[in-house]
Amino acid sequence: MTSAKRHAANAALELIGDGMKLGLGTGSTAALFLDALAEKVRGGLDIEGVPTSQRTEERARELGIPLFQPDETTRLDLVIDGADEIDAQGRMIKGGGGAMLGEKIVASAAAKFVLVADVSKRVGTLGRFPLPVEVVPFAYATTIRAIRETLTALGYEGAKVELRGAEGGGFAETDSGNLIADLHLGRIMEPEELDAALTLIPGVVTTGLFIGFDVHPLIADENGIT
Ligand SMILES: O=C[C@H](O)[C@H](O)[C@H](O)COP(=O)(O)O
């Protein structure tokens, strides 16, 4: 799938012009875009980027991509980012790598969301990929119980809710020091309703549901953009 991801990443480059302010996504596909972008920057392309995660910030610095801190007036031309799933209406699940909070904040400042992905990410119905939900560590068990109750009330009987583990043991931590609950739902029939209900729970920071963005999908297989 790397060649498919590379096709998508390269196609995104064609949308970039001098003077643009970009949101720089997180994940393996966004990383391929960073590599390609860095080459253009070395060739004289004049852009500035806002990273969506610490990982992306480190990589962009290594590659010599100019970064800036957004202020209240900042409007980004594009954010270029991957996804774990996207449906026909451009609704997405993100956060497989735990970066959805930074990604959502940056995407909300961008005029357009350029999705770079291989074809495996395109789905009829969202939800086969476990939905990541960012939860504050304070009294997290209370928040997990509220998530379970919300899921039951919405008809997701028997849904599994798992706190994401870290490689070296313990729980995985996001860039903001929060935890991630992965919701195994199978099929999400009403993503807007689910997102609204989960986001109302006090200990929930955000969900991996990305809805309502102006998505420009660049989805590729090994032969190129589909
Ligand atoms: O937290 C991670 C991000 O939402 C990624 O954009 C998403 O997981 C897709 O990553 P990849 O391009 O590696 O499949």
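From a predicted model like this one, the values you see are computed outputs, not experimental measurements.

A.B. asks: Account for helix α4 (residues 100–108), naming residues and giving values.
C.D. replies: Burial analysis of α4 places 7 of its 9 residues in the buried class, which makes it a mostly covered element. Turning to α4, its buried residues number three or more, namely Met100, Leu101, Gly102, Glu103, Lys104, Val106 and Ala107.

A.B. asks: Talk me through the nonpolar core; I want residue IDs and the actual numbers.
C.D. replies: Formed by 52 residues in total, the largest nonpolar core has its most connected members in Ala8, Phe33, Val79, Ile80, Val114, Val116 and Val133. Ranked by residues supplied to this core, first place goes to strand β6 (residues 110–118) with 6 residues. Each of domain 1 (2–123 + 212–225) and domain 2 (131–207) contributes no fewer than three residues to this core. Beyond its immediate stretch of four places on either side in the chain, Ile80 contacts Ala12, Leu22, Gly23, Leu24, Gly25, Ala30, Phe33, Val114 and Val116.

A.B. asks: Can you tell me about the pairing of strand β3 (residues 76–81), naming the residues and giving the values?
C.D. replies: Most of β3 sits out of view: 5 of its 6 residues are buried. The pairing of strand β1 (residues 21–24) with β3 spans 3 bridges and is parallel. Bridge pairing in β3 links Leu24 to Ile80. Summarising the sheet, β3 and β6 pair through 5 bridges and their orientation is parallel. Bridging across to β6, Asp81 finds its partner in Leu115.

A.B. asks: Please set out the sheet that holds strand β2 (residues 48–51) residue by residue, giving values where relevant.
C.D. replies: With mixed pairing, the 6 strands of this open sheet are ordered in space as β2-β1-β3-β6-β12-β13. Edge positions in the sheet fall to β2 and β13 (224–225), since each has one partner strand and no second. In the packing of helix α2 (residues 28–42) onto the sheet, contacts are made with β1, β3 and β6, and the angle to β6 comes to roughly 110°. Where α4 meets the sheet, its contacts fall on β1, β2, β3 and β6, and the angle it forms with β3 comes to roughly 150°.

Rules used in this analysis
- Here the residue index of a chain counts from 1 through its sequence in written order.
- Where local features are concerned, this predicted model is filtered to residues with pLDDT of at least 70; where side-chain atom pairs are given and counted, the filter is 80 or more; whole-chain, interface and lining totals use all residues.
- Put simply, a residue is buried when 20 or more other C-beta atoms lie within 10 Å of its own C-beta and exposed when 12 or fewer do; between those, it is partly exposed, and each C-beta is set from the backbone.
- Under the scheme used here, helices are H or I runs from DSSP no shorter than 4 residues and strands are E runs no shorter than 2 residues, and both carry numbers assigned from the N terminus.
- Think of a nonpolar core as buried Ala, Val, Leu, Ile, Met, Phe, Trp, Tyr and Cys residues, each tied to the set through C-beta atoms within 7 Å.
- Where each domain starts and ends comes from a domain assignment, either automatic or drawn from a database.
- Working definition of a contact: two residues with C-beta atoms, positioned from the backbone, lying within 7 Å.
- In this analysis, strands are considered paired if DSSP registers two or more bridges between them.
- Each axis is a line fitted through C-alpha atoms, taken for helices only over the stretch in contact, and angles between the N-to-C directions span 0 to 180 degrees.

The values are spatial; any link to function lies outside them.
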